[in-house]
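Structural features, examined
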Amino acid sequence: MAGRKGGGKEARRVELGAAVQRALMVRGLEGLRLRDIAEQAGVTPAAVLYYGDLDGLVHETYQQAIERYSQDREKAADGFTDARDKLRACIDNGVATGPEDSLTRLLFEYWPRCLRDAKAAALDSALTERQIAVYSGILVLGEAQGHFALPDPPRLLAANFVAMEDGYQMEVLAGRRTRAEVIGALYSYARAVTGHDPGARA
């Protein structure tokens, strides 16, 4: 990594971030060692340390993963003006494809650390709040457009969507449920709380 010409420090940091992700997928967060990252990057542990210690590198990697996950979802929903289409896009883009979904797995690898690490907990809270905000905005818009009839405050319903997703994501990552089954369950909840069936719109 560090010896490649024409790269630059920022490009090498991006490469290192990718190496951290690969190492996490192989070793898991709790078993991760600096030399695992070095092996994935093709450099020495000392070269990795130039960019930060293990905790700092992992924290930065999760920040990047959270940003990418959130931006992908927000972009999908922003592609529509009708709240019904936005809701379907939001649901469809928030469910893991399967056990091999590396981005979603990466986010869930980090979650146990939130129970004892305030810095990790802050990252997780930021991700949760960002997802709630997306759902809440869509629900408010749908009510204003006359498409949704909400039985409870939008933020409460949005938080329920995110909580259901989180629980089901673990099932998908463990191979116990399919992506289609989880999307069907979220569509069912959407029908119950909005009066609209997301699956009915092509």
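Residues numbered from 1 in each chain as written. Predicted model: local features only at pLDDT ≥ 70, side-chain atom pairs only at ≥ 80, totals over all residues. Heavy atoms only, no water.

1. Let's talk about the packing of helix 1 (residues 9–27) against helix 6 (residues 102–110)
Running from N to C, helix 1 and helix 6 cross one another at 75 degrees; their axes reach a closest spacing of 10 Å. Comparing their axes, helix 6 and helix 1 come out roughly perpendicular. Of the residues in helix 6, those in contact with Gln 21, Leu 24 and Met 25 of helix 1 are Ser 102, Arg 105, Leu 106 and Glu 109. When the residues that make up the contact of helix 1 with helix 6 are grouped by side-chain class, the tally is three nonpolar, two polar and two charged. (Axes fitted to C-alpha atoms, helices over the stretch in contact; angles between N-to-C directions. Helix = DSSP H or I, 4+ residues; strand = E, 2+ residues; numbered from the N terminus. Parallel < 35°, antiparallel > 145°, perpendicular 65-115°, else oblique. Contact = heavy atoms within 4.5 Å. Nonpolar A, V, L, I, M, F, W, Y, C, P; charged D, E, K, R; others polar.)

2. Regarding the pattern of salt bridges
On inspection of all chains with the given rule, the structure shows 14 salt bridges. Through salt bridges with shared partners, one network takes in Arg 27, Arg 33 and Asp 36. (Salt bridge = Lys/Arg side-chain N within 4 Å of Asp/Glu carboxyl O.)

3. Observations concerning the nonpolar core
Counting 29 residues, the largest nonpolar core has Leu 16, Leu 24, Ile 37, Val 48, Leu 57, Tyr 62 and Tyr 110 as its most contacted members. Counting residues per element, the ones that place at least two in this core are helix 1, helix 2 (34–41), helix 3 (45–49), helix 4 (54–78), helix 6 and helix 7 (118–144). Here the element with the most residues in this core is helix 4; it accounts for six residues. If near-sequence neighbours (up to four positions away) are discounted, Leu 24 is found in contact with Leu 29, Leu 32, Thr 61, Tyr 62, Leu 106 and Glu 109. Counting 27 residues, the second largest nonpolar core, distinct from the first, contains Ala 83, Tyr 135, Leu 150 and Ala 190. (Core = buried A, V, L, I, M, F, W, Y, C linked by side-chain atoms within 4.5 Å. Buried < 20%, exposed > 50% of the residue type's maximum accessible area, 1.4 Å probe, protein only.)

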